[in-house]
Amino acid sequence: MSVILDIRLKRANKVYHEAEVLAGVVVITSKEAVQHQGISLTMEGLVNLQLSSKSVGVFEAFYNSVKPIQLINSNIEVAKPGKVPGGKTEIPFEFPLQVKGNKVLYETYHGVFVNIQYTLRCDMRRPLLAKDLSKTCEFIHVLQPQKSKVQPSPVDFTISPETLQNVKERNSLPKFLVRGHLDATNCVITQPLTGELVVESSEVAIKSIELQLVRVETCGCAEGYARDATEIQNIQIAEGDVCHGLPIPIYMVFPRLFTCPTLETTNFNVEFEMNVVIVLHDDHLITENFPLKLCRV
Amino acid sequence: MASVQWHARVRKYGAELQRCQLEATPVEQGDYHPLKPIIVTDSRSRRGGRKGSTSSSSSSSSSVAMDPLSSMMEGTDPLSLFAAASASEVPTLSHSSSSVELGRKQRENEDEVGADFEPWSAKRGEILSRFTTTEKLSINLFMGSEKNKASSPSSAVSEKVRTRLEELDDLEEGSQRELLNLSQQDYVKRIEELNQSLKEAWASDQKVKALKIVIQCSKLLSDTSVIQFYPSKFVLITDILDTFGRLVYERIWSMCSDPRPQPDSFSVEDVNDTAKETCLNWFFKIASIRELIPRLYVEAAILKCNRFLNKTGIQETLPRLTAMIRGIGDPLVAVYARAYLCRVGMEVAPHLKDSLNKNFFDLLASFRQIHSDTVQNQLVIQRVEIPVYLTLYSPAIHWILQCVAYRAPDVLLTEMMERCKKLGNNALLLNSVMWAFRPEFVAARATDFIGMIKDCDEAGFPKHLLFGSLGRSLACADPAESERLPILNEAWKVITKVRSPQDYINCAEIWVEFTCRHFTKREVNTVLADIIKHMTPDRAFEDAYPQLQSVMKKILTYFHNFSVLFSMEKFLPFMDMFQKDSVRVEVCKSIMEVFIKHQQELTRDPVILNALLHVCKTMHDSVNALTVEDEKRSLALLINGFIRMVSFGRDFEQQLSFCVEARATFCNLETVIIQLIHTVNQLAMETKRVMGGNHSRKTAAFVRACAAYSFITIPSLTSIFSRLHLYLLSGQVALANQCLSQADAFLKAAVSILPEVPRTISVEGKQRSSEAFLLDFINSFLSTLLVVPDHPEQGVLYLVRGLLNMVQDYTWEDNSDAKVRVYISALPLLAAMSQENYLYTIPKVDSNETLYGGDPKFVAEISRLCETLIGQVLDHLKTLGREEGVRRQGSIAFALFSVLLAHGDLRNNKLNQLAVNLWNLSHKNGYCDTRTSVRTLEHIKQQAQQPELSHLSDMLLRLSLQSRA
């Protein structure tokens, strides 16, 4: 006898704002009637912090010394103890996404050391000799777009051997000059990052130009705090020895889930940066870093 | 049964004819007459109502003149309606499933792509066949990203099993495959396999795998090793991308809940959330593809899906993708990426011209990349010459320009041209401009173009190709009258300097069309002379037969006057360049086809005759033992067409000698020989006509010569029936021309070869009994014999007897009545011969009627012969009395009865009795056709009303109809 429990949210994209109501159905599929002692739904929002083994010891990292932060946890009953007839039964539910107290609901974010996740769990308790059933379904919480306008903050940049830092032998560098601009570093998360880049000159042929989106996660804990930068995605915008003097578009879509509006809290921070990486044919790697501030408008 | 006394009925042909004729009554104007021409004035007004249609076709003068067909159709014929509908609905870009949608939308939107847009599918094959390589290729596929997967399985799985599992997983995850050393065929096959596995993955719901395949495939496009193959590679891989784009589009479309939106005209509001979300997912997924080229191609492939998300999606995406291409360093890769984008753009949103233009301007801006060091180094490593390298660009640039120029205003084209000029008249670009822009546009500026071609830096792109492109445009559109000659002069000046014969002929071939179109034979002659001069050294023409053939075809298209054509000095020398037999025959055939099609009047022009005789001889000489029947037939048809067009007017002797010559020349083609015999026979009759039937000594001799020609020609034929018929025909002609001994000889010859007729002959490849053909022939032979006078030195009815003897000796098929049928049909002839005046005679030829003058001895001889024949027939009837023969017995008896009725004198009791007996015999077994019997009886009744045939009424009483019980 197999009983299949499933949660189906009405919204195809599963994106909800605060104070909205999650509407959907619990679907129970079974050949025969199912006896149960109640079906309930639990909504849970958690921030999972993990320490990287780089900043703390391996063991500490492994034992995950930071406790998850609970953002929301509420429960409703969908069905009273009883029997569900055989076949497919759909029980509709409505569950408001409402926070208790003065807690702040952060946006869903999947990172490496910081994870903000919202789930909806359906539990079916069953009498003896039958296992309780449970089904979890993630939904995405997105902040209400802010009313305020973002100040466009265009950035012009020039990259040449002279502008570089961290260079050991400046003399051995080939000559090159790359100009460009970003339309904004205060980015709206739903809009792509745009800009332009011109290779004015380059002694050595260019192999590739890439945009690297980097997340910078900071976790505070008893021993201090750990700050780690990891790559989210890498988008190539130029391949091969591009035409000099011709502007090449900078264009990057912020991936969903893996980005969220820049977040600063007492326990953890999530920030984003973008690197323009120029790889020369002799495998010289030139990187220019731009901190970004993401927001939702 | 005792022998029967034959008495032929006396016939008065004149009186009978008079009796049979209908009375002529004049037809009044306006009277109804079925043969009067029906004039239908169909006012084809598209009236919807049924009532209107009956009156819509009105008639004049005739009462039933309404055309029933058109009235059925209510004025519009459904076929033409369909045709009209489909004409505007010609598939445009056949690659996509959307072609029909485009077609439908076309009527609403003027901007859409019409049938005059050469679709990509047309270019595809050309590119694939043009850009090939013998070098080894490699495919590098890297699926998935988890490299360390192998280390994770537990140790329980033995090493061996694991590797096997991995092999199975091959395409699934984390496998990197590099296929090296593939030949071109292998490569194409692999790509096709990938295309298949893409479809399979999609069908089995492995969307991620499908996407991976597509990404990997488009990644191959960034690899420019074996650069000569790149255009073909592009074609192959974009096929996969097209497949992918279609799959994604269809899937998302199918997700739109019912009622499904119209495939072509749905708006964003019609799309439900699930479909939108899926679509969005695809775009997010694609936006995160690491490499530039796959990201670009895959996004372009599913460009159409933007329609699910918002109205302006495509409009915004196209320029962005266009700009993105700037990031591609390799100019070749970039230009093909642009071509792909233009292709998708034209398909999905043909009204968005701006991004097309932008593509082109970007292309111009980055054009100098072609000569950058990186490219040069690459070429050196791959050992590819610059001119070869540059031609790799042509398909892509052609395509881009074609898209840009499609229905573009002249202003834009002029601007484009100016921009090209600014770029230092780059030859490669110029070439594509001439290819892609409207021929009329190019033609109007031909002089400018020539100037530009002259000015442009060669840059490795050969000028003859440029002139070739210009010529192609000028072949379709005419430049201004005054410019034509200078254009030709300028162009030819360059063309004639081209060294390589292959390049030369490729270019010259194109310009021949222009020359033929606008100039006279003098210029064409000069051009031909130049071609000969270039192609003769080292037998260069051997490698250029297709081009030379095309030159010939073009000349023939424009010069239909063959005397002009052959008076071109260089035409025949030009023909001599076709030295390979098969090609030569092909060319000759095309010449003859044009001749037959376009020569209106008979000709005696010695130039034409000589030349065409030569041409025909060439065709004829190509016939050998291995030539198939169809080929022979088509050759013979062409030669016959030629022979029919030859006429020397009144100069009959010349014509005869032409035929003699032709016979010698075309001795291997039987059909031609037959035609020649017909021609000569016709010649004889024509002579007779000219002389008004009275031959002079000279013409008599000539006519005899004609007969002699036929007589000696006929035996060379192998087909026995052709021989028989020709003997008969020639005999008739000889007779008509009063050549008695010749006629005699013909007929005798015909009789003498009768025994050779095989019992079966092959008709259209099937074995058939020859009996029916033979009977036909004998019957018509018999009817000729009526007018043939007996030979003075031979016995009475020499030929008839000879024929009947042959018939008797001939080995007929077993169980066949053919012999008896011949006997029965000989009876009417004999009856006719015994008349005082014959049914027909030949003017100026004395038939037996005059020779014998109704001599009783002659008549008795005839009667005796008849009696023998009837006796034979009756004997045969007896043998048929048993079992299965009765049906045949009945029909033969009836046939004999009919002959007796028509030709025998039934006042004679014995004959009368015989007739009645035959009637009864034919009805005895009930196999006769009652309808025929009834008709026969009616006929007899009618005949009996004539005074001299009143005896028939008595007989009628004795003929009883047997009801079929």
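Each chain has its residues counted from 1, following the order in which its sequence is written. Key to labels: chains lettered from A, ligands numbered from 1, both in the order written. With the structure being a predicted model, the display of local features is reserved for residues of pLDDT at least 70 and the display and counting of side-chain atom pairs for 80 or more, all residues being used for whole-chain, interface and lining totals. Only heavy atoms go into the side-chain values, all of them from the structure, while hydrogens and water stay out.

- Identification of chain A as Vacuolar protein sorting-associated protein 26C from Astyanax mexicanus is taken from an unreviewed UniProt entry.
- UniProt positions are given in the numbering used here, feature names are shortened, and annotations may be inferred rather than shown by experiment. For chain A, the Subcellular location (unreviewed entry) comment in UniProt is given as "Endosome".
- Word for word, the UniProt comment on chain A under Sequence similarities (unreviewed entry) is "Belongs to the VPS26 family."

## What about the pattern of salt bridges?
All names here are of chain B.
- Any Lys or Arg side-chain nitrogen found within 4 Å of a carboxyl oxygen on Asp or Glu counts as a salt bridge. What the rule picks out here adds up to 31 salt bridges over all chains.
- With a closest N to O distance of 1.9 Å, Arg 801 and Glu 861 form a salt bridge. Of this pair, Arg 801 sits in helix 40 (residues 798–809) while Glu 861 is found in helix 43 (residues 856–879), placing the two residues 60 residues apart along the sequence.
- Relative accessibility under 20% of the residue-type maximum defines a buried residue, over 50% an exposed one, and the middle range a partly exposed one, all with a 1.4 Å probe and only protein chains included. Exposure remark for Arg 801: the relative accessible area of 28% places this residue in the partly exposed category.
- Its salt-bridge partner being Arg 888, residue Asp 817 comes within 2.9 Å of it at the nearest N-O pair. Separated by 71 residues along the polypeptide, Asp 817 in the loop between helix 40 and helix 41 (818–833) and Arg 888 in helix 44 (residues 886–903) bring together distant segments of the chain. Only runs of H or I of at least four residues qualify as helices and only runs of E of at least two qualify as strands under DSSP, and these elements are numbered from the N terminus.

## Details of helix 10 (residues 230–255) of chain B
- Expected helix span is computed as 1.5 Å times (number of residues minus one). Helix length check: helix 10 of chain B, at 26 residues, gives a terminal C-alpha distance of 37 Å against a target of 38 Å (1.5 Å per residue), a fit within 8%.
- For helix 10 of chain B, the buried fraction is high: 21 of the 26 residues fall into the buried class.

## Some points on unusual backbone geometry
- Located in the positive-phi region is A:Ala19, a residue other than glycine, with phi close to 75°.
- By secondary structure assignment, the location of A:Ala19 is in the loop between strand 2 (15–16) and strand 3 (21–30).

## So, helix 43 of chain B
All names here are of chain B.
- With 24 residues, helix 43 should reach 34 Å at 1.5 Å per residue; the first-to-last C-alpha distance of 34 Å fits that figure.
- Here helix 43 has its buried residues at Phe 858, Glu 861, Ile 862, Ser 863, Leu 865, Cys 866, Leu 869, Ile 870, Val 873, Leu 874, His 876 and Leu 877.
- Two residues form a contact once any of their heavy atoms are found within 4.5 Å. In this structure, the buried residues of helix 43 make contact with helix 40, helix 41, helix 42 (848–852), helix 44 and helix 45 (909–924).
- Two to three positions downstream of the cap, the backbone nitrogen of Lys 857 sits 3.0 Å from a side-chain oxygen, assigning the N-cap of helix 43 to Asp 855. Here a polar contact is taken to be a pair of N or O atoms separated by no more than 3.5 Å, where protein atoms must pair a possible hydrogen donor with a possible acceptor and residues adjacent in sequence count only if both atoms sit in side chains.

## Quick look at the packing of aromatic side chains
Residues and elements named next belong to chain B.
- Between rings of Phe, Tyr and Trp, where Trp is taken as its six-membered ring, a pair exists when centres lie within 6.5 Å; planes separated by under 30 degrees are stacked, by over 60 edge-to-face, and by other angles tilted. Applying the stated criterion to the full structure yields 39 aromatic pairs over all chains.
- Here the aromatic rings of Phe 652 and Phe 702 are separated by 6.3 Å at their centres, their planes lie at 25°, and the arrangement is stacked. In this pair, Phe 652 sits in helix 34 (residues 652–665) while Phe 702 sits in helix 36 (residues 697–713), placing the two residues 50 residues apart along the sequence.
- Look at Phe 702 and you get buried, because its relative accessible area is 7%.
- Ring centres of Phe 894 and Trp 919 lie 6.0 Å apart, and the angle between their planes is 45°; on these two criteria the pair is classed as tilted. Of this pair, Phe 894 sits in helix 44 while Trp 919 is found in helix 45, placing the two residues 25 residues apart along the sequence.
- Three or more aromatic residues joined by ring pairs form one cluster here, namely Phe 562, Phe 566, Phe 571, Phe 595, Phe 642, Phe 648 and Phe 658.
- Consider the ring centre and the ring normal. A charge sits over the ring if Lys NZ or Arg CZ is within 6 Å of that centre and within 35 degrees of that normal. Lying across the ring of Trp 282, Lys 285 places its NZ or CZ 5.5 Å from the centre.
- Directly above the ring of Tyr 249 sits Lys 304, whose terminal nitrogen or CZ lies 4.0 Å from the centroid.

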